[in-house]
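Chain by chain, the residues run as shown.
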Amino acid sequence: MVFFRICVWPLMLLCITWGALALWFDGPPARWLAGTMSAGFAAGCLVLLVRLRPFSRAVLIVGFVLLAMVTWWSLIPPHNDRDWYPDVARLPRAAIEGSRMTIENLRNFDYLTETDYTERWETRTYNLDTLRGVDMFLFYWGPTLIAHTITSWDFGGGQHLAISIETRKEKGEFYSAVRGFFRQYELYYVVADERDVVRLRTNYRGDQGYLYRLRMRPDHARALLIDYLGEVNRLAEHPRWYNALTHNCTTMIRYHIKEVGGSQPWDWRILANGRLDELGYERGSIVTSLPFSELKQRSNIMEKAQAADSSPDFSEQIREGLPGEEGGSFSEERG
């Protein structure tokens, strides 16, 4: 029984903490009521575990309460009709007819500051037969263990299509890493010009940006893009929740790659995605012709992005001198 208690108590405390936070963040809009329910839930569960005997009965009752909590929480519906910030107000859509791909509500904002911008939502067409490959951006805004990832497809001739998987925030909301574990933000795919999503981070937020060319054949790059756009269209009809652990900017990329047949064994750096370039280097998904430290240094695009700013050839300028190589096999952990 002592061993049972030692094993069960940490798990119970973890689950009770999660339940209390779920009630606080996702419970009633009235803060006093959410706080009362959260504190009452935690206190009630702890009293049962401390006072009720036998201990196994207390664990069983608390377990049923937690199951009810998870059921309620999982049934909270996401929505597409909230009062959104302008930069996530429109949902992109994609249509593919043969090799012709059309994107509606592609974002191409012109920024004066991070929050002061001119809105430009565009419709663009792309020829899938000209698709050459895929690039990956990593952006660091603080501790380098965590980064934001953006995927960008290269159609040649200076034409790039960037997709950034983010939170869709309502007016008055702000991003919180803790809130990201709960039902606080809908999932949003920003389909954009690189001068928007890349320049926003490097030039206006001051994030450290790195760009890596992925070793992926054009046919695999095409399959990956089509899978991405399938999710873009699904989100326009059926919203889903963002989750900082299971549905974020990096784990969703892993899901897409697996959907099109890519092998993506689990690694702790998928969560600590600030080390994703290191993982890609080890697996041969990015250039390995240079020592990793030199590759990372040459992949830093900060100075080039700031110098290019709003230039029409922004994408070409940030790629000047970028290490890269063609070829590679998607089935061999490249991409």
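Note that the structure is predicted; figures quoted are calculated from it, not measured.

Colleague: An account of the overall build of the protein chain is requested, with residue identities and associated values reported.
Modeller: A tally of helices and strands in the protein chain yields 10 helices and 10 strands. If you line up the protein chain on its principal axes, its C-alpha atoms span 70 × 40 × 40 Å. Out of the 335 residues belonging to the protein chain, those deemed buried represent 49%. Across the protein chain, the fraction of contacts at a sequence separation of at least 24, relative to all contacts at a separation of at least 6, is 68%. Surface accessibility of the protein chain: about 15,900 Å² in total, with carbon and sulfur atoms responsible for 57%. Looking at the protein chain, you have 38 positive and 41 negative side-chain charges, and the mean spots of the two groups are 8 Å apart.

Colleague: Which residues make up the nonpolar core, and what are the values?
Modeller: Core analysis: the largest hydrophobic core is formed by 45 residues, its most contacted members being Met-101, Trp-153, Phe-155, Tyr-189 and Leu-225. Listing elements by their share of this core, those giving two or more residues are strand 2 (100–107), strand 6 (133–140), strand 8 (160–168), strand 9 (186–192), strand 10 (208–213), helix 5 (218–237), helix 6 (251–259) and helix 7 (276–283). Considering every element that reaches this core, the biggest residue donor is helix 5, with 7 residues. Look past the residues within four positions of Leu-225 in its chain and what remains in contact with it is Met-101, Leu-128, Trp-153, Phe-155, Leu-161 and Ile-163. Within the second largest apolar cluster, 24 residues are counted, among which are Phe-109, Ile-150, Tyr-188 and Leu-211.

Colleague: How would you sum up the packing of helix 2 (residues 31–51) against helix 3 (residues 55–74)? Please name residues and give values.
Modeller: Here helix 2 crosses helix 3 at 160°, and the two axes come no closer than 8 Å. One finds that helix 2 runs roughly antiparallel with respect to helix 3. Residues Phe-41, Cys-45, Leu-48 and Leu-49 of helix 2 form the contact with helix 3, whose participating residues are Phe-55, Ala-58, Val-59, Ile-61, Val-62, Val-65, Leu-66 and Met-69. Its residues placed into classes, the contact of helix 2 with helix 3 shows 12 nonpolar, no polar and no charged.

Colleague: Kindly report on the packing of aromatic side chains, identifying the contributing residues and their values.
Modeller: Counting across every chain of the model gives 17 aromatic pairs. Centroid distance Phe-109 to Tyr-117: 5.1 Å. Interplanar angle 35°. Geometry classified as tilted. Here the aromatic rings of Tyr-111 and Tyr-204 are separated by 6.1 Å at their centres, their planes lie at 35°, and the arrangement is tilted. In this pair, Tyr-111 sits in strand 3 (residues 110–111) while Tyr-204 sits in helix 4 (residues 194–205), placing the two residues 93 residues apart along the sequence. Using a relative accessible area of 24% as the deciding quantity, one classes Tyr-204 as partly exposed. What links up through ring pairs into an aromatic cluster is the set Phe-109, Tyr-111, Tyr-117, Trp-121 and Tyr-204. Above the plane of the ring of Phe-109 lies Arg-107, whose end atom (NZ or CZ) is 5.4 Å from the centre.

Colleague: Describe the packing of helix 1 (residues 2–26) against helix 2, listing the residues and the values that go with them.
Modeller: At a minimum axis distance of 8 Å, the contact between helix 1 and helix 2 shows a crossing angle of 165°. Judged by the angle between their axes, helix 1 and helix 2 are roughly antiparallel. When you trace helix 1 past helix 2, the crossing you get is right-handed. Residues Trp-9, Met-12, Leu-13, Ile-16, Gly-19, Ala-20, Leu-21, Leu-23 and Trp-24 of helix 1 pack against Arg-31, Ala-34, Gly-35, Met-37, Ser-38, Phe-41, Ala-42, Cys-45, Leu-46, Leu-49 and Val-50 of helix 2. In terms of residue class, the contact of helix 1 with helix 2 is made up of 16 nonpolar, 3 polar and 1 charged.

Colleague: How would you sum up the environment of Met-136? Please name residues and give values.
Modeller: Mapped onto the elements, Met-136 comes out in strand 6. C-alpha separation for the pair Met-136 and Thr-149, spaced 13 residues apart in sequence, amounts to 6.9 Å. In contact with Met-136, not counting residues within four places along its chain, are Ile-150, Tyr-210, Leu-211, Tyr-212, Leu-214 and Leu-276.

Colleague: Can you break down the state of the cysteines residue by residue, with the values?
Modeller: Under the criterion given, the structure shown has 0 disulfides. Cys-15 carries a free sulfur, and the closest cysteine sulfur to it, the one in Cys-45, is 9.9 Å from it.

Colleague: Please set out the side chain of Glu-194 residue by residue, giving values where relevant.
Modeller: Topologically, Glu-194 is positioned in helix 4. Given a relative accessible area of 1%, Glu-194 falls into the buried group. At 2.5 Å, the side chain of Glu-194 forms a polar contact with the side chain of Ser-152. Ignoring any residue separated from it by four or fewer positions in sequence, one finds Glu-194 in contact with Phe-137, Ser-152, His-160, Ala-162, Arg-199, Phe-314, Ser-315, Ile-318 and Arg-319.

Colleague: Residue-level account of the side chain of Thr-151, with values.
Modeller: As for its placement among the helices and strands, Thr-151 is situated in strand 7 (residues 148–154). Accessibility expressed as a relative area gives 5% for Thr-151, which makes it buried. Reaching out from Thr-151, the side chain makes a polar contact with the side chain of Tyr-228 at a distance of 3.1 Å. Each residue touching Thr-151, except ones within four places of it in the same chain, is listed here: Val-134, Asp-135, Leu-161, Ala-162, Ile-163, Tyr-228 and Ile-253.

Colleague: Could you give me a rundown of helix 6, with the residues and numbers involved?
Modeller: Helical geometry: 3.6 residues make up each α-helical turn, so side chains three or four residues apart lie on a common side. Listed in full, the buried residues belonging to helix 6 are Thr-251, Met-252, Ile-253, Arg-254, His-256 and Ile-257. Those residues of helix 6 that are buried lie in contact with strand 7, strand 8, strand 9 and helix 5. Phi for Gly-261, located one or two positions after helix 6, is positive at around 95°.

Rules behind the numbers
Residues numbered from 1 in each chain as written. Predicted model: local features only at pLDDT ≥ 70, side-chain atom pairs only at ≥ 80, totals over all residues. Heavy atoms only, no water. Helix = DSSP H or I, 4+ residues; strand = E, 2+ residues; numbered from the N terminus. Buried < 20%, exposed > 50% of the residue type's maximum accessible area, 1.4 Å probe, protein only. Contact = heavy atoms within 4.5 Å. Areas by Shrake-Rupley, 256 points an atom, 1.4 Å probe, with all protein chains shown as cover. Lys, Arg positive; Asp, Glu negative; His and termini not counted. Charge placed at Lys NZ, Arg CZ, Asp CG, Glu CD. Core = buried A, V, L, I, M, F, W, Y, C linked by side-chain atoms within 4.5 Å. Axes fitted to C-alpha atoms, helices over the stretch in contact; angles between N-to-C directions. Parallel < 35°, antiparallel > 145°, perpendicular 65-115°, else oblique. Nonpolar A, V, L, I, M, F, W, Y, C, P; charged D, E, K, R; others polar. Phe/Tyr/Trp six-rings, centres within 6.5 Å; stacked < 30°, edge-to-face > 60°. Lys NZ or Arg CZ within 6 Å of the ring centre and 35° of its normal. Left-handed = near helix turned anticlockwise from the far one by under 90°. Disulfide = S-S within 2.5 Å. Polar contact = N/O pair within 3.5 Å; in protein donor to acceptor, adjacent residues only side chain to side chain.

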